[in-house]
There are 2 protein chains.
Amino acid sequence: METKAALSQLSALAQENRLSVFRLLVKAGHDGLPAGDIAAALSVPPNTLSAQLNILSQSGLVTGQRQGRSIIYSANFDAISGLIVFLMEDCCEGREDVCAPVLEMARSACC
Amino acid sequence: METKAALSQLSALAQENRLSVFRLLVKAGHDGLPAGDIAAALSVPPNTLSAQLNILSQSGLVTGQRQGRSIIYSANFDAISGLIVFLMEDCCEGREDVCAPVLEMARSACC
DNA sequence: TCCATATTTCCAATATCGTGGAAATATGGA
DNA sequence: TCCATATTTCCACGATATTGGAAATATGGA
């Protein structure tokens, strides 16, 4: 991943509402959620949410797809794993003290 | 890790200069680098860099320690691994398609 | 004590971000 | 065609972030 892309994904997640949106979409899984449901879940006006979804979308972290009158947004799992890998390779440089807890986490809770 | 802390670390890294500072400090390892060297390496005026170091420092990603006339900054490896774990546990919810590439990365390049 | 070096703090200017009202667009159904 | 629903775009305001000049602080050495 290039730095530009990583920066835009980091900024996208570096905001309370957007982080919540992303988490919600991760929980929702591959089926995603319509924009309206997200707005309702987070108590954010739909136009405000739209702007935030746009930022997440342009960073590549989420994708929207029209389905009837709704637009269904879903998390892009490749993107988040790409960001995590970026942080590890670019920032951690193979240090064991960084990798060990991550591996531990991945093994126990994740995969 | 709490959301607040993760947000402040994400914002800290979500800026070109600060991401560069952090990378530089990771490369420098546990010995760290004096503020002046960082400023010179990135061609940023020292007072501007100071503000950026302050943000990184308040987020917990770096630490500064005076040594003579210089202040030596170093990356906090626990913090970055904590952030990575946060992204995995909080955002990924044990999905294999997120974890697999991370594990792969960790195994091949990292540890 | 006085001076040079290293860094920070103070401050103000500019830029970017977050927010939401109002209007516009897209879709589906009667 | 007309209307209701779902979402976005346009726009402007207030808030926050980034930047760097100038002055202040801290340290070490002569």
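Refer to the structure above for everything that follows.
Remember, it's a predicted structure, so these values are computed and weren't measured experimentally. (Residues numbered from 1 in each chain as written. Chains lettered and ligands numbered in written order. Predicted model: local features only at pLDDT ≥ 70, side-chain atom pairs only at ≥ 80, totals over all residues. Heavy atoms only, no water.)

Visitor: Could you give an account of the interface of chain A and chain B, naming the residues involved and the relevant values?
Guide: Listed as interface residues are 43 residues of chain A and, on the opposing side, 43 residues of chain B. Note on chain A versus chain B: buried area summed over both sides is about 4,100 Å², and carbon and sulfur give 76% of it. On the surface where chain A and chain B come into contact, there are zero salt bridges. Applying the counting rule to chain A against chain B returns two residue pairs in polar contact (both at pLDDT 80 or more). Among the secondary structure elements, those contributing two or more residues to the side of chain A that touches chain B are helix H1 (3-13), helix H2 (16-28), helix H5 (77-92) and helix H6 (96-110) of chain A. (Contact = heavy atoms within 4.5 Å. Buried area = accessible area lost by both parts, 1.4 Å probe. Salt bridge = Lys/Arg side-chain N within 4 Å of Asp/Glu carboxyl O. Polar contact = N/O pair within 3.5 Å; in protein donor to acceptor, adjacent residues only side chain to side chain. Helix = DSSP H or I, 4+ residues; strand = E, 2+ residues; numbered from the N terminus.)

Visitor: How would you sum up the pairing of strand E3 (residues 70-75) of chain A? Please name residues and give values.
Guide: Residue and element names in this part refer to chain A. Relative to E3, strand E1 (residues 33-34) runs antiparallel, the two being bridged by two bridges. Bridge pairing in E3 places Pro 34 opposite Ile 72. Hairpin geometry of strand E2 (residues 62-67) and E3 is characterised by an intervening segment of two residues between the two adjacent antiparallel strands and by a positive phi of about 70° at Gly 68. (Pairing = 2+ DSSP bridges.)

Visitor: Let's hear about the environment of Val 102 of chain A: which residues, and what values?
Guide: Of note, Val 102 of chain A is situated in helix H6. In the structure, Val 102 of chain A is positioned 63 residues away from Ala 39 of chain A in sequence and 33 Å away in space, judged by C-alpha atoms.

In short, the description is geometric, and any link to function would need to be established separately.
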